[in-house]
Amino acid sequence: MYELYDRNGKFICYRMTKRIKNDNGEYDVLTARSKKSEKDCRRIMDDKIRDYYIQKEQEKIKGVYPEMLFKDFAENWYELNIKNADCSKVNKENYKNYVFRHIIPYFAQYKLCDIQEDDCQRFLNQYVGYSKAMVSKLRMTLRRMMRKAKKQKLIPDNPAEDIILPQVTETQRRPITDEERALILETAKTHYAGAMVLTMLYCGLRPIELRRMKWDWIDFESSILTVGKSKTKAGTGRKIPIPPQLRLALLELKMKHQNDEWVFVRYKNHDLPLDHNAFYHAWKNFKREMDIANGAKVYRNQIVESTLSPDLEPYLLRHTFCTDCQAAGVPINVAKELLGHSDISVTAKIYTHMVDEVFEQNRKRLEQYAKEKGQQATTA
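Each value, and the rule that gives it
- Residues numbered from 1 in each chain as written.
- Predicted model: local features only at pLDDT ≥ 70, side-chain atom pairs only at ≥ 80, totals over all residues.
- Heavy atoms only, no water.
- Helix = DSSP H or I, 4+ residues; strand = E, 2+ residues; numbered from the N terminus.
- Buried < 20%, exposed > 50% of the residue type's maximum accessible area, 1.4 Å probe, protein only.
- Contact = heavy atoms within 4.5 Å.
- Salt bridge = Lys/Arg side-chain N within 4 Å of Asp/Glu carboxyl O.
- Core = buried A, V, L, I, M, F, W, Y, C linked by side-chain atoms within 4.5 Å.
- Polar contact = N/O pair within 3.5 Å; in protein donor to acceptor, adjacent residues only side chain to side chain.
- Pairing = 2+ DSSP bridges.
- Axes fitted to C-alpha atoms, helices over the stretch in contact; angles between N-to-C directions.

**Topic: the overall build of the protein**
So, step 1. Broken down by element type, the protein carries 14 helices and eight strands.
So, step 2. Judged by the C-alpha coordinates and their principal axes, the protein covers about 80 × 65 × 50 Å.
So, step 3. The buried share of the protein, reckoned over its 380 residues, is 39%.
So, step 4. Counting only contacts in the protein whose residues sit at least 6 apart along the sequence, the fraction spanning at least 24 positions is 56%.

**A word on the pattern of salt bridges**
So, step 1. On inspection of all chains with the given rule, the structure shows 21 salt bridges.
So, step 2. Where Glu-337 meets Lys-336, a salt bridge forms, and the shortest distance between an N and an O atom there is 3.1 Å.
So, step 3. Overall, the relative accessible area of 36% leaves Glu-337 in the partly exposed class.

**Here's the deal with the nonpolar core**
Grouped burial of nonpolar side chains is what soluble globular proteins tend to show.
So, step 1. Ranked by size, the top nonpolar core spans 49 residues in total, and within it Met-196, Ile-218, Leu-225 and Phe-264 carry the most contacts.
So, step 2. Among the secondary structure elements, those contributing two or more residues to this core are α6 (178-188), α7 (194-203), α9 (244-255), α10 (276-293), α11 (315-327), α12 (332-339) and α13 (344-351).
So, step 3. Per-element tally for this core: the top contributor is α7, with eight residues.
So, step 4. Residues within four places of Phe-264 in sequence aside, it is in contact with Ala-195, Met-196, Thr-199, Leu-210, Met-213, Leu-250, Leu-253, Pro-273 and Leu-274.
So, step 5. Judged by nonpolar contacts, the second largest core, of 29 residues, contains Ile-104, Leu-138, Leu-154 and Ala-160.

**Concerning the side chain of Ser-230**
So, step 1. Here Ser-230 is to be found in the loop between β5 (224-226) and β6 (239-241).
So, step 2. Only 2.6 Å separates the side chain of Ser-230 from the side chain of Glu-209, close enough to count as a polar contact.
So, step 3. In this structure Ser-230 touches Arg-206, Glu-209, Arg-212, Gly-235, Thr-236 and Arg-238, once residues within four positions along its chain are discounted.

**Considering the pairing of strand β1 (residues 2-5)**
So, step 1. The pairing of β1 with strand β2 (residues 11-21) spans four bridges and is antiparallel. Bridge pairing links Leu-4 to Cys-13 in β2.
So, step 2. As consecutive antiparallel partners, β1 and β2 are separated by five residues, and within that stretch Gly-9 has a phi angle of approximately 85°, a positive value.

**Regarding the sheet that holds β2**
So, step 1. Spatially, β1-β2-β3 is the arrangement adopted by the three strands of the open sheet, whose pairing is antiparallel. Two strands in the sheet have a free side with no partner beyond their single neighbour: β1 and β3 (27-34). Across the sheet, the axes of successive neighbouring strands diverge by a mean angle of 35°, strand direction being ignored.

Below, the structure written as structure tokens:
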């Protein structure tokens, strides 16, 4: 049992681990965390140990064996490792989609022990031209399943370990255009989700951080937002300056708010914070208002001809925050901290997408530097 603290010395949680030797002579590691107390952490660990042994018994009852069909193994793998896992509902749905709509249909008639590396590569090659993100996740899921089969000694080697991505489409996120920015700022003045959208634009928060955002994250006096809980260690605890226009929008929201804990709440139930569905419902409603204000054609209250780009999604606002940092001359190492990136190479990928304004600023700097150097040379 030990305690975890963030980089500022603030207590995060109690944590304990336990190693259990399995039937293969290897060790499975269980981890329990609790913010409440050591006693609560031990209770969680006891529950995990109990569930672990129940799971092992279920595996024996279900009869996992080398000659089984891949379909049976895959369904069993999902049931035991994903369905009740400690991860978000979105991740579980993604896994379910990869396993039941893509992987199982292809390998349905294969015996687990008969699947070869070439079979796995042929499966992946079906997705030539698809997005790199999707194909990479399919490969990762298949590898993870086969890795489990190898660990259980159902197959001698992992046939998916060395398969390569086929030719895929690598989509690039972009910053919003000046026209889109103007539309967002105008719509935010009257829309119920205006402060939410402005927070993404001016602070670069991830959607999950936005949903978790609490009033005690905000220091209105110093105009600083401290991210209390992010999806990454690097993102948690970071401080972001709040510009005056956002500070005003948040103050107005707080004055008319019915929830003293959560900043952004559900439209029809102010007692609950945003979940995944409520967040995207608010975003789509906001985007609809933008579209109508921009002249979209509406028939029977439905937009039949949109004026907005189809790739206008919430994450573009985070990307825009990064390019705004670049345009404002914020050093890349500082931008990395503001965005909560664990690796500066992630920030660099966005910073290399140089916007015209930054290019022009640096062109003038180089011209001025060359001019000054030339004057120094002639007077020397």
